[in-house]
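# Structural features, examined
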Amino acid sequence: MELNLDLANASPVVTVNYSKIELWLVGCGGTGSWLAPSLVRLGRVLSQQGKQVKLYFVDPDRVESANVLRQCFCDAEIGLNKAKTLALRYSLAWKMEVTAIAQPFQPEWIVPSYNTLIVVTACVDNAKARESITQVLQHNTHRPAPHIWHLDCGNSKRSGQVLLGSHLSTNPNDYDFEALGCFRLPAPTIQQPDLLVSQPEELADNNLSCEQMALLNSQSLSINQRVAAEAFDYLLQLTTGKLRRFATYFDLESGSGKSLYTTQVGIMQAILLGHSCA
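Now for a description of the structure that goes with this document. (Residues numbered from 1 in each chain as written. Predicted model: local features only at pLDDT ≥ 70, side-chain atom pairs only at ≥ 80, totals over all residues. Heavy atoms only, no water.)

### A short note on the pairing of strand S7 (residues 245-251)
Definition in use: Throughout this description, buried means an accessible area under 20% of the type-specific maximum (1.4 Å probe, protein chains only), exposed means over 50%, and partly exposed covers the range between. Numbered from the N terminus, helices here are DSSP runs of H or I no shorter than four residues, and strands are runs of E no shorter than two. In this description, strands pair whenever DSSP reports at least two bridges between them.
Counting buried positions along S7 gives 5 out of 7 residues, so the element sits mostly inside the fold. Pairing geometry for strand S6 (residues 159-165) and S7, over 5 bridges, is antiparallel. Bridging from a neighbouring strand, Val162 pairs with Thr248 of S7. The sheet contact formed by S7 and strand S8 (residues 256-261) spans 6 bridges and is antiparallel.

See below:
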């Protein structure tokens with residue numbers, strides 16, 4: 001069996017040298033509700049290290065009865081806004097201020113500033129929301145160390161993926177490595193363009209409620225927690241300068257998983273795969 005040396009040859013992902021950090025969680029449902037406590041815990045750790053931390057939870061939806069058990073909500077929270085519920089719960093638990101926004105995400109909310117790292121974690125399930133999140137990467141230039149990163153979480157019934165990116169270019173030459181490591185990665189929607197393709201249940205003439213769609217797309221009780229665990233490790237490694245992968249895919253049925261690592265070959269593979277899927 002041929003030994004895979006991709007991880008050994010991978011370079012660390014280099015972020016801007018930051019004293020301030022904004023951690024955005026967009027989508028507080030299936031995966032987002034399980035990721036929320038980890039995001040706040042990470043914020044507290046970074047705060048204790050002297051960073052100025054701002055936490056934002058974004059979701060316009062309310063908790064429905066079908067959300068209980070599969071998502072991290074209880075019966076007493078039915079009818080409440082998801083972002084506000086999680087923000088209150090975990091701000092009290094971890095003594096961290098969390099801003100809850102009960103509206104659809106707007107890209108103009110993201111404003112890069114000096115010495116600030118911004119990570120927008122998308123736990124959304126529709127193309128329109130992903131498109132608006134992708135727009136924030138337009139602030140990044142081709143200079144090293146972008147201020148804004150997009151971490152995208154997605155899943156089906158028994159499989160899922162976590163994708164990290166910072167730039168919208170489809171030219172592999174724009175992702176040259178510097179001496180310190182990897183400063184730029186193709187956006188999740190470049191790696192997997194079908195993230196921007198609306199599914200039948202997303203169409204404008206669809207009158208299904210969130211509860212009915214959840215039943216239609218019945219998912220494993222464990223899939224969202226698995227995606228959230230992978231995403232949290234990405235965030236932890238990214239903010240500590242130890243991350244050496246940018247895409248992870250896994251399947252619960254077979255117990256298999258695969259990651260793409262931060263090498264020139266890995267990035268080229270991701271872009272070419274995206275082209276073939278487009």
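The discussion continues.
### A closer look at the nonpolar core
Test applied: Residues grouped as a nonpolar core are buried Ala, Val, Leu, Ile, Met, Phe, Trp, Tyr and Cys residues, joined through side-chain atoms within 4.5 Å. Only heavy atoms enter the contact rule, under which two residues are in contact if any of them lie within 4.5 Å.
Within the largest apolar cluster, 58 residues are counted, with the highest numbers of intra-cluster contacts made by Leu25, Phe57, Leu164 and Leu185. In terms of residue count, the dominant contributor to this core is helix H7 (residues 223-239) (8 residues). The residues contacting Leu185, other than those within four sequence positions of it, are Val13, Trp149, Leu164, Gly165, Ser166, His167, Tyr175, Phe246, Thr262 and Ile267.

### Examining H7
We apply this condition: The span one expects for a helix is its residue count, reduced by one, times 1.5 Å.
Taking 1.5 Å per residue as the helical rise, H7 with its 17 residues ought to reach 24 Å, and the 25 Å between its terminal C-alpha atoms agrees with that figure. Of all 17 residues that make up H7, 12 are buried, and the element is covered over most of its length. Among all positions in H7, only Ile223, Asn224, Val227, Ala228, Glu230, Ala231, Phe232, Tyr234, Leu235, Gln237, Leu238 and Thr239 are buried. Lining the buried residues of H7 we find strand S1 (20-26), helix H2 (32-48), strand S4 (116-122), strand S5 (148-155), S6 and S7.

### Considering the pattern of salt bridges
Counted only if it meets this: One speaks of a salt bridge when a side-chain nitrogen belonging to Lys or Arg is within 4 Å of a carboxyl oxygen belonging to Asp or Glu.
Applying the stated rule across the entire model yields 5 salt bridges. Between Arg130 and Asp152 there is a salt bridge, and its shortest N-O distance comes to 2.9 Å. Of this pair, Arg130 sits in helix H4 (residues 127-134) while Asp152 sits in strand S5, and the two are 22 residues apart along the sequence. According to the relative accessible area criterion, Asp152 is buried, its value standing at 0%. Salt-bridge contacts for Arg158 lead to Glu253; the nearest nitrogen and oxygen are separated by 3.3 Å.

### Describing the pairing of S1
Keep this limit in mind: A crossover gets the label right-handed when its path from the first strand over the helix to the second runs clockwise, viewed with the strands pointing away from the viewer.
Of all the 7 residues making up S1, 6 are buried; the element is thus mostly covered by neighbouring parts of the structure. Direction of pairing for S1 relative to strand S2 (residues 52-58): parallel, over a ladder of 7 bridges. Note on S2: the bridge partner recorded for Ile21 is Val53. Since S1 and S2 lie parallel, the crossover through H2 that links them has a hand, and here it is right-handed. For S1 and S4, the ladder comprises 7 bridges, and the chain directions are parallel. Of the residues in S4, the one forming a bridge with Glu22 is Ile118.

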